[in-house]
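Architecture at a glance
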Amino acid sequence: MAAAAILVGLELAAPCPAGGPIAFGDCGEIRPFAVGVVVVAAFLYVVGLSAVRWWTSDLRARHVADARAARDWYLLAATLGLLIAPLLAFTLVSGLR
């Protein structure tokens, strides 16, 4: 969330003709879309990791998995989430335009 906030802050603080790190100078149409994608991706990533954490804690409470298995699932979700969250966010924000 902090990285997404920094990226959005850099984008919004950049001068419009020169462009920020995401919109590359297109302030009219690309900048709001790019900021929306970054915010939605960060939200989806945190929600997804929270869901995996909740699920693995339930597995541990039922003695189906141990701490190592819970950590492995969390790391797998964190790694795959870095790839999936931006793609899903791009799709969602594109569909809502």
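None of the values given here were measured: they were computed from a predicted structure.

**Concerning the overall build of the chain**
Helix and strand counts for the chain come out as 3 helices and 0 strands. Overall, the chain shows an N-to-C arrangement of helices and strands of α-α-α. Here the C-alpha atoms of the chain give a radius of gyration of 17 Å, more than 25% beyond the 13 Å that 2.2 N^0.38 yields for 97 residues. The dimensions of the chain, computed from C-alpha atoms along their principal axes, are 60 × 25 × 15 Å. Sorting the 97 residues of the chain into buried and exposed places 29% on the buried side. Considering only intrachain contacts with a sequence separation of at least 6, the fraction spanning at least 24 residues in the chain is 53%. As displayed, the chain has an accessible area near 6,600 Å², and 72% of this comes from carbon and sulfur atoms.

**Considering helix α3 (residues 67-96)**
Along α3, the helix axis deviates most sharply at Gly81, where the bend reaches about 45°. Turning to α3, its buried residues number three or more, namely Ala70, Ala77, Ala78, Gly81, Ala85, Ala89 and Val93. Contact partners of the buried residues in α3: α2 (30-61).

**Some remarks on the pattern of salt bridges**
With the rule as written, the count across this model stands at 2 salt bridges. The residue Asp58 makes a salt bridge to Arg62 at a minimum N-O spacing of 3.3 Å. Its relative accessible area of 32% is what places Asp58 among the partly exposed residues.

**Quick look at a nonpolar patch on the surface**
A grouping of Trp54, Trp55, Trp73, Leu76, Leu80, Leu83, Ile84, Leu88 and Leu92 is seen on the molecular surface, where their side chains present a nonpolar patch of about 940 Å² in accessible area. Contributing elements (two or more residues each) for the nonpolar patch: α2 and α3. Of note, Trp73 is situated in helix α3.

About the thresholds
Residues numbered from 1 in each chain as written. Predicted model: local features only at pLDDT ≥ 70, side-chain atom pairs only at ≥ 80, totals over all residues. Heavy atoms only, no water. Helix = DSSP H or I, 4+ residues; strand = E, 2+ residues; numbered from the N terminus. Rg over C-alpha atoms; globule rule 2.2 N^0.38 Å. Buried < 20%, exposed > 50% of the residue type's maximum accessible area, 1.4 Å probe, protein only. Contact = heavy atoms within 4.5 Å. Areas by Shrake-Rupley, 256 points an atom, 1.4 Å probe, with all protein chains shown as cover. Bend = angle between axes of the 7 residues up to and from the residue. Salt bridge = Lys/Arg side-chain N within 4 Å of Asp/Glu carboxyl O. Patch = residues over 30% accessible without salt bridge, like charges linked within 9 Å, V, L, I, M, F, W, Y side chains within 5 Å.

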